[in-house]
Amino acid sequence: MEHLTVTAAQQCVLGSIKLLGAESVGLEQSLGRVLAEDIRANRDQPPYDVSAMDGFALRSADVASAPAQLDIIEDIKAGDMPRKTVQAGQCVRIMTGAPVPQGADTVIRVEDTQMLSDTRVQINVPVKANNDIRPRGEGMRTGEVVLARGTELTPGAVGMLAMVKRASAEVYRQPRVAILSTGDELEGLHDPFDADKIPDANSYALMAQVQALGITPDLLGIARDEPSHLKEMLQRGLQYDVLLVSGGTSVGVHDYVRPTLEALGVQMKFWRVEMKPGHPMAFGVAPLTWVFGLPGNPVSSMVCFEEFVVPALRRMNGHTRIHRRTITARLTHDVKHKHSRAEFVRVMLSREEGGYAATSTGAQGSGILASMSKAEGLMVVPADCTGMKAGEPVTVQLLDGAEYQNEAGGEW
Ligand code: AMP
Ligand code: MG
């Protein structure tokens, strides 16, 4: 099987991914999901011309040569319906959101007026027609599509669903994801401490990466490097939409994952990608399941998750924005690059005049998980790069948690 570039491998994965079916979800659980239907307005909003201010609704002709004095014939709060028609020399006291009565063609804010008595007001300045009136249907019109299929339900979109009285909506189903670790050397999180073992970090790092996408995975545990046990565990994983199996994809004599997957009918699409970390990455497709064979080294497994699993999971549940946001940052130190694989350097980001500065999180060995635990982004060193110098602009893919920063970023 040929070794692919990261981009070619990503295209291979995405080329085989299908959108999952739709399901109905209540508004309370809808955040972050993607609409599988168009949502239409069921009313005009606002339902009539309403005041945008606390003030007085009046006839603009009456105040053309303000100051002018008017009789107050009614008080209208939001929720009231006006009963009277405003005639020449009259006005109504009106609150924000209340309907503008018949006869009135404009609103003046209370700050530009002066009460003379309970029933008489002086308007201090002239005001043109249609001032501070929010016209009927300004926000939405009955029948109009207010949220199109494919829209991600952000807080604003959830507000919009409530505005059109949709207590539930059709969204794309979430993938069911299984996570399996492999290796005789692994010690489970709840196993007794044994200094000779390697703690199973991957199950939990991957779990958290999946959770950060709004999906709850199942942990299948640890499979031993023994074909029949591995087969049984992988078979369980093949009941899911997505199986993430880490370790055992390399060239060691006990790396049984790929042959065992093939024996179970998984069609392997690629193995080995021109990247660092993450070279032994494998991907295959079964009738029900997309299978990601992630490298065993914790950093490699997490980086491969970022590059291949993130876009795949997001495509499955309907997102169109499937890749991590990239930013340009200024590199604060030199970076050597002598091989021909794309490299993903774990970096911290800091704000600086005009943008961001990127600094390596330190030793970048693929087993050094601290490089990942401190990281806010993955800096991409392209395969053909011959090294980078301090001060150069670089591309950084943002990781979960990188959307927040210490300072406000300015004064407003
Ligand atoms: P492998 O790809 O199985 O040869 O594993 C490569 C390296 O990653 C070895 O040093 C393993 O001990 C380590 N490793 C594999 N799986 C895990 C895991 N679940 N958690 C932590 N380290 C692991
Ligand atoms: Mg192993």
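Rules and cut-offs
Residues numbered from 1 in each chain as written. Chains lettered and ligands numbered in written order. Predicted model: local features only at pLDDT ≥ 70, side-chain atom pairs only at ≥ 80, totals over all residues. Heavy atoms only, no water. Domains from an automatic or database assignment. Contact = heavy atoms within 4.5 Å. Buried area = accessible area lost by both parts, 1.4 Å probe. Salt bridge = Lys/Arg side-chain N within 4 Å of Asp/Glu carboxyl O. Core = buried A, V, L, I, M, F, W, Y, C linked by side-chain atoms within 4.5 Å. Buried < 20%, exposed > 50% of the residue type's maximum accessible area, 1.4 Å probe, protein only. Helix = DSSP H or I, 4+ residues; strand = E, 2+ residues; numbered from the N terminus. Phe/Tyr/Trp six-rings, centres within 6.5 Å; stacked < 30°, edge-to-face > 60°. Lys NZ or Arg CZ within 6 Å of the ring centre and 35° of its normal. Pairing = 2+ DSSP bridges. Axes fitted to C-alpha atoms, helices over the stretch in contact; angles between N-to-C directions. Disulfide = S-S within 2.5 Å. Near = heavy atom within 4 Å. Polar contact = N/O pair within 3.5 Å; in protein donor to acceptor, adjacent residues only side chain to side chain. Areas by Shrake-Rupley, 256 points an atom, 1.4 Å probe, with all protein chains shown as cover.

**Some remarks on the domain arrangement of the protein**
Argument step 1. In terms of domains, the protein is made up of domain 1 (6-22 + 174-314), domain 2 (23-45 + 139-172), domain 3 (50-134) and domain 4 (323-405).
Argument step 2. Distance from the C-alpha centre of domain 1 to the C-alpha centre of domain 4: 25 Å.
Argument step 3. At the interface, 21 residues of domain 1 touch 19 residues of domain 4.
Argument step 4. When domain 1 packs against domain 4, the two sides together hide about 1,700 Å² of surface, and 62% of this comes from carbon and sulfur.
Argument step 5. Taken together, the connections running from domain 1 to domain 4 amount to two salt bridges.
Argument step 6. Salt-bridge contacts for Arg341 lead to Glu274; the nearest nitrogen and oxygen are separated by 3.6 Å.

**What about the nonpolar core?**
Argument step 1. Core analysis: the largest hydrophobic core is formed by 41 residues, its most contacted members being Leu244, Trp290, Phe292, Phe305, Phe308 and Leu313.
Argument step 2. Taken together, the elements giving at least two residues each to this core come down to α1 (6-16), β13 (177-182), α3 (202-211), β17 (242-246), β20 (282-285), β21 (290-294), α6 (298-316) and β23 (342-352).
Argument step 3. Among the elements that take part in this core, α6 stands out by supplying eleven residues, more than any other.
Argument step 4. A domain split of this core shows at least three residues from each of domain 1 (6-22 + 174-314) and domain 4 (323-405).
Argument step 5. Not counting residues up to four positions away in its chain, the partners in contact with Leu244 are Val177, Ala178, Ile179, Leu180, Val210, Phe292, Leu294, Phe305 and Val309.
Argument step 6. Membership of the second largest hydrophobic core comes to 20 residues, among which are Met233, Leu243, Trp271 and Ala282.

**Quick look at the packing of aromatic side chains**
Argument step 1. Tallied over the full model, the rule gives three aromatic pairs.
Argument step 2. Plain terms: the ring middles of Phe283 and Phe292 are 5.0 Å apart, the flat faces sit at 45 degrees to each other, and that makes the pair tilted.
Argument step 3. Its relative accessible area of 0% is what places Phe283 among the buried residues.
Argument step 4. One aromatic cluster in this structure is built from Phe270, Phe283, Phe292 and Phe308.
Argument step 5. Positioned above the aromatic ring of Trp271 is the side chain of Arg272, whose terminal nitrogen or guanidinium carbon lies 4.0 Å from the ring centre.

**Notes on the pattern of salt bridges**
Argument step 1. Under the definition given, this model contains 19 salt bridges.
Argument step 2. With its nearest N and O atoms 3.1 Å apart, the salt bridge here joins Arg109 to Asp112.
Argument step 3. Notably, a salt bridge pairs Arg236 with Glu232, separated by 3.2 Å at the nearest N-O pair. With Arg236 and Glu232 both in helix α4 (residues 227-237) and four residues apart, this pair spans about one turn of that helix.
Argument step 4. On the basis of relative accessibility, which here comes to 41%, the residue Glu232 falls in the partly exposed class.
Argument step 5. The network of salt bridges with shared partners includes Glu152, Arg314 and Arg321.

**A short note on the sheet that holds strand β6 (residues 90-94)**
Argument step 1. One open sheet accounts for six strands, arranged β7-β4-β6-β5-β9-β8; its pairing is mixed. Edge strands, defined here as strands with exactly one partner in the open sheet, are β7 (106-109) and β8 (113-117). Each neighbouring strand pair of the sheet contributes to a mean axis angle of 40 degrees, computed without reference to strand direction.
Argument step 2. Relative to β7, strand β4 (residues 55-58) runs antiparallel, the two sharing four bridges. Bridged to Gly55 within β7 is Arg109.

**Some words on the sheet that holds β17**
Argument step 1. Strand order in the open sheet formed by six strands is β16-β13-β17-β21-β20-β18, with mixed pairing between adjacent strands. Edge strands, defined here as strands with exactly one partner in the open sheet, are β16 (218-223) and β18 (267-271). For this sheet, the mean angle separating the axes of adjacent strands, direction not counted, is 15 degrees.
Argument step 2. As judged from the four bridges shared by β20 and β21, these two strands associate in the antiparallel manner. Bridge assignment links Gly284 to a residue of β21, and that residue is Val291.
Argument step 3. Each of β13, β16, β17 and β21 touches α3; the most contacted strand, β13, lies at about 160 degrees to it.
Argument step 4. Against the sheet, α6 touches β13, β17 and β21, its axis set at about 170 degrees to β21.

**Some points on the state of the cysteines**
Argument step 1. One pass over the full model with this rule turns up zero disulfides.
Argument step 2. Looking at Cys304, it has no disulfide partner, and the nearest cysteine sulfur is the one in Cys12, 14 Å off.
Argument step 3. Judged by its relative accessible area of 0%, Cys304 falls in the buried class.

**Details of the site of ligand 1**
Argument step 1. In the vicinity of ligand 1 lie 14 residues, with Glu185, Asp200, Ala201, Gly248 and Gly296 positioned nearest.
Argument step 2. In the model, an oxygen atom of ligand 1 is placed 2.5 Å from a nitrogen or oxygen of the Glu185 side chain.
Argument step 3. One of the backbone N or O atoms of Pro199 is found 3.4 Å from a nitrogen atom in ligand 1.
Argument step 4. Expressed as a share of its isolated accessible area of 490 Å², the protein-covered part of ligand 1 is 77%.
Argument step 5. Sorting the residues of the shell around ligand 1 by element identifies β13 and β15 (198-199) as the ones contributing at least two each.

**Comments concerning the pairing of strand β24 (residues 355-360)**
Argument step 1. As paired strands, strand β22 (residues 326-331) and β24 are joined by three bridges and run parallel to one another. Looking at β24, one finds that Ala329 is bridged to Tyr356.
Argument step 2. Alignment of β23 against β24, held across six bridges, turns out to be antiparallel. Bridge pairing in β24 links Met348 to Thr359.
Argument step 3. Between the end of β23 and the start of β24, which pair antiparallel, lie two residues, with Gly354 showing a positive phi angle near 80 degrees.

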